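If you want the building blocks of each chain, they are given just below.
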Amino acid sequence: MIKMRWFILSFALTFLMFTVSCDNDSPKQKSKLDPREVQNQLAEVHKRNIKIEDRQIDDYLQRRGWEFKRTKSGLRYKIYQEGIGLRPREGQRVKLEYTLNLIRGDVVYDSKKDGPKVFVVGEGDEPTGLQEVVQLMRVGARAKVILPSYLAYGLVGDEKRIPPNATLFYDLYLVEVH
């Protein structure tokens, strides 16, 4: 899955570079690289990759018979234990216990080993998908969450344990809100 997306992106970039560099000897026929056109073509490749990843997530959920809700952004979640406390808002500090897996099942981070995750909603380096889902939970809630790569760590990964373009699977417990 990830290799295929990298192949497509690499192919698109190579194609663009090849077409720009393959000019004739005549100075009149040299083509200039139009940054807007490159940006548009990369945006199209990105949109296709998002559609592919979304389809793969939907297939993953369907194969397991899991029913998750989907937000407009593409986040999938299921609150399997409702909380009774506050619901976090932007600017509030949250504390989470969690297990974070790659979609293929490899455990990447776990609060039992790495400590709880504490951050201010709407600030910091936490993935936008994680910021979004905590605002749908109440203190005491437990949820399973799938973050597409574009709502997680994107093209780079976290440069530690999460690889580029990784779809992530969280099991979250919202411990506190301040």
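Residues numbered from 1 in each chain as written. Predicted model: local features only at pLDDT ≥ 70, side-chain atom pairs only at ≥ 80, totals over all residues. Heavy atoms only, no water.

K.L.:
Help me out: how do you make sense of the overall build of the protein chain in this one?
P.N.:
Within the protein chain, the secondary structure is distributed over 4 helices and 7 strands. Along the protein chain, helices (α) and strands (β) appear in the sequence α-α-β-β-β-β-α-β-α-β-β when read from the amino end. Classification of the 178 residues of the protein chain by burial places 37% in the buried group. Excluding contacts between residues fewer than 6 apart, the proportion of contacts in the protein chain whose partners are at least 24 apart in sequence is 67%. Per element, the accessible surface of the protein chain, about 11,300 Å² overall, is 53% carbon and sulfur. (Helix = DSSP H or I, 4+ residues; strand = E, 2+ residues; numbered from the N terminus. Buried < 20%, exposed > 50% of the residue type's maximum accessible area, 1.4 Å probe, protein only. Contact = heavy atoms within 4.5 Å. Areas by Shrake-Rupley, 256 points an atom, 1.4 Å probe, with all protein chains shown as cover.)

K.L.:
How should the nonpolar core be read in this particular structure?
P.N.:
Nonpolar side chains in soluble globular proteins generally cluster together in the buried interior. In this structure, L100, L130, V133, V145, L168, Y170 and L172 are the most contacted members of the largest nonpolar core, which totals 28 residues. At the level of elements, strand 3 (93–102), strand 4 (107–110), helix 4 (128–134), strand 6 (142–147) and strand 7 (168–177) are the ones that each hand at least two residues to this core. When sequence neighbours within four positions are dropped, the list of residues in contact with V145 reads F68, L75, R76, Y77, V133, L168, F169, Y170 and L172. (Core = buried A, V, L, I, M, F, W, Y, C linked by side-chain atoms within 4.5 Å.)

K.L.:
For this particular structure, what's the right way to read the environment of I146?
P.N.:
With respect to the helices and strands, I146 occurs in strand 6. Among the residues examined, I146 registers a relative accessible area of 0% and is labelled buried.

K.L.:
Would you mind showing me how to read the packing of aromatic side chains here?
P.N.:
Two numbers describe a pair of aromatic rings. These are the distance of the centres and the angle of the planes. Counting across every chain of the model gives 3 aromatic pairs. Geometrically, the ring pair formed by Y60 and W66 is edge-to-face, given 6.0 Å between the ring centres and 80° between the ring planes. Given a relative accessible area of 11%, Y60 falls into the buried group. Measuring from ring centre to ring centre gives 5.9 Å for W66 and F68, while their planes differ by 20°; the resulting arrangement is stacked. Over the ring of Y98 we find K117; its NZ or CZ atom is 5.3 Å from the centre of that ring. (Phe/Tyr/Trp six-rings, centres within 6.5 Å; stacked < 30°, edge-to-face > 60°. Lys NZ or Arg CZ within 6 Å of the ring centre and 35° of its normal.)

In short, the description is geometric, and any link to function would need to be established separately.
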